[in-house]
Amino acid sequence: MKDPHTGLHGEQGALPGEHPGRAASPVVKVHDLAWLEFEKPDLERAEMFARAFGFDVALRTPAELHLRGADPGAPCVLIRRAGGSRFLGPAFRAADRTDLTRLADATGTTVTALPDGLGGWSVDLIDPSGLRVRVVSDTHDLAASASPAPLVHNFGDAAPRINAAQRPPRVPATVRRLGHVVLQTTRFRRALDWYLEHLGLIVSDFLYYDGQRDRGPTMAFIRCDRGTTPTDHHTLAMTLGPSNRYVHSAYQVADLDVLAAGGEYLRDRGYHRSWGIGRHIQGSQIFDYWRDPDGFLVEHFTDGDLFDSTLEPGWAPMTASGLAQWGPPATKDFLGIEPGRRSLAELRAFTRALREDNEFDLHRLRGLLKVATS
Ligand SMILES: [Fe+2]
């Protein structure tokens, strides 16, 4: 008999009346994430880490640092020198300028020209968490840059590598492209609906707090709707939490050897591995998480799932053990519960979030506390 779960990417499907995971008629359908913008106090330090992580430098001035991957397109990360370090927001790539006009008309904003260095146009919006979200089009495309030839693998019965040793070099992992960004929000449901309705994103997987499924999901892995063109399982992931903040961003590399050797290179230089190497469940990526010198979490990934627009959302409980199929257990650093400055800030956020009017209440706090130990 055929296993009814064969072909299902999540543990379960939706129950009647649950969130459908897509908007009936979104304003536009964005094609991808274009870049992320940050402020950092020390561009030398940021550049040194970026090169060790496997970025190439597209632009460097005393005030700005643009990082690119080897794939053609816009730079993946824009960093501006400032007094402190801060995530400014994501930019999504629209199909064309007509979509920007449609988006501007629907939101009472305007289409503005981006700086000459980037080229193209932008509509700047504010999401329900207060984050600036840019939607851009017609930006300058950087040409593809050189990346190492793929390794020849002897796999199963196929052995194309004869009389040659396998020697992946211990060099920075060449970043190909920006894959996704993960955000935490105190207004999960409102923010989720905003992205689905305005940017046409669709949900690949929902997670809920164990025992609280009837209160709705608390995390969503969201992809672009490009019809029959397959896209990353998630371009944006959002999770309910006590504060509105950046969680991590992920950059695609060629394969496991590139990821692992690049990890050895980062470790040799004294950088801090947060969690890895493992293989995720939602999205299936092989992952490796690092802390940059400003404390931002960044991920190398490879071999992720690609879905077209036909797949419906999967549903599963949110647990720390459910974050990976294999690999070391999720670390306290990755889960944000390592004693220190960051967890203290999060602790203060708990008290604030419980007082304010948002979706994070005592019931949700109890659900979240169970995640780390389950
Ligand atoms: Fe990720």
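Since the model is a prediction, treat every value here as computed from it, not as a measurement.

Draft legend 1. Representation of the sheet that holds strand 2 (residues 56–60) within the structure. Read from one edge to the other, the open sheet built from 8 strands follows the order 2-3-4-1-5-8-7-6, with strand pairing classed as mixed. Taken across any chain shown, the strands that pair with only one partner, and hence form the sheet edges, are strand 2 and strand 6 (111–113). Neighbour-to-neighbour, the strand axes of the sheet open up by a mean angle of 25°, direction not taken into account. Where strand 1 (residues 32–40) meets strand 5 (residues 86–93), 7 bridges bridge the pair, whose relative direction is antiparallel.

Draft legend 2. A look at the packing of aromatic side chains. Applying the stated criterion across every chain, the model contains 20 aromatic pairs. On the basis of an interplanar angle of 85° and a centroid distance of 4.9 Å, the ring pair of F49 and Y271 is categorised as edge-to-face. Residue F49 is located in helix 1 (residues 43–53), and its partner Y271 is located in the loop between helix 4 (256–268) and strand 15 (272–280); the two are separated by 222 residues in the primary sequence. Residues F49 and Y271 agree in their burial class; the two are buried. Where W275 meets F287, the ring centres are 4.5 Å apart and the plane angle is 50°; that geometry is what we call tilted. Linking W275 in strand 15 with F287 in strand 16 (residues 286–291), this pair joins segments that are 12 residues apart in sequence. Across this residue pair, the class does not change: W275 and F287 are buried. What links up through ring pairs into an aromatic cluster is the set F49, F53, F55, Y251 and Y271. When the ring centre of Y265 is taken as reference, the NZ or CZ atom of R269 above it lies at 3.6 Å.

Draft legend 3. View of the coordination of the iron ion. Protein-derived coordination of the iron ion comes from H180 (NE2), H248 (NE2) and E299 (OE), at a distance range of 2.1 to 2.2 Å. Between consecutive donor residues of the iron ion, the sequence gaps follow H-x67-H-x50-E. Taken as a pair, H180 in strand 9 (residues 177–185) and H248 in strand 14 (residues 245–252) lie far apart in primary sequence, 68 residues in all.

Draft legend 4. Summary view of the environment of G200. Structurally, the position occupied by G200 is in the loop between helix 3 (188–199) and strand 10 (202–208). By relative accessible area, G200 is classed as buried at 3%. Between the C-alpha atom of G200 and that of C224, which follows or precedes it by 24 residues, the distance is 7.0 Å. Other than its neighbours up to four places away in sequence, G200 contacts P26, V28, K29, Y195 and D225.

Reading the values: rules and limits
Residues numbered from 1 in each chain as written. Predicted model: local features only at pLDDT ≥ 70, side-chain atom pairs only at ≥ 80, totals over all residues. Heavy atoms only, no water. Pairing = 2+ DSSP bridges. Helix = DSSP H or I, 4+ residues; strand = E, 2+ residues; numbered from the N terminus. Axes fitted to C-alpha atoms, helices over the stretch in contact; angles between N-to-C directions. Phe/Tyr/Trp six-rings, centres within 6.5 Å; stacked < 30°, edge-to-face > 60°. Buried < 20%, exposed > 50% of the residue type's maximum accessible area, 1.4 Å probe, protein only. Lys NZ or Arg CZ within 6 Å of the ring centre and 35° of its normal. Donors = N, O, S within 2.8 Å, 3.2 Å for Na, K, Ca; no water. Contact = heavy atoms within 4.5 Å.

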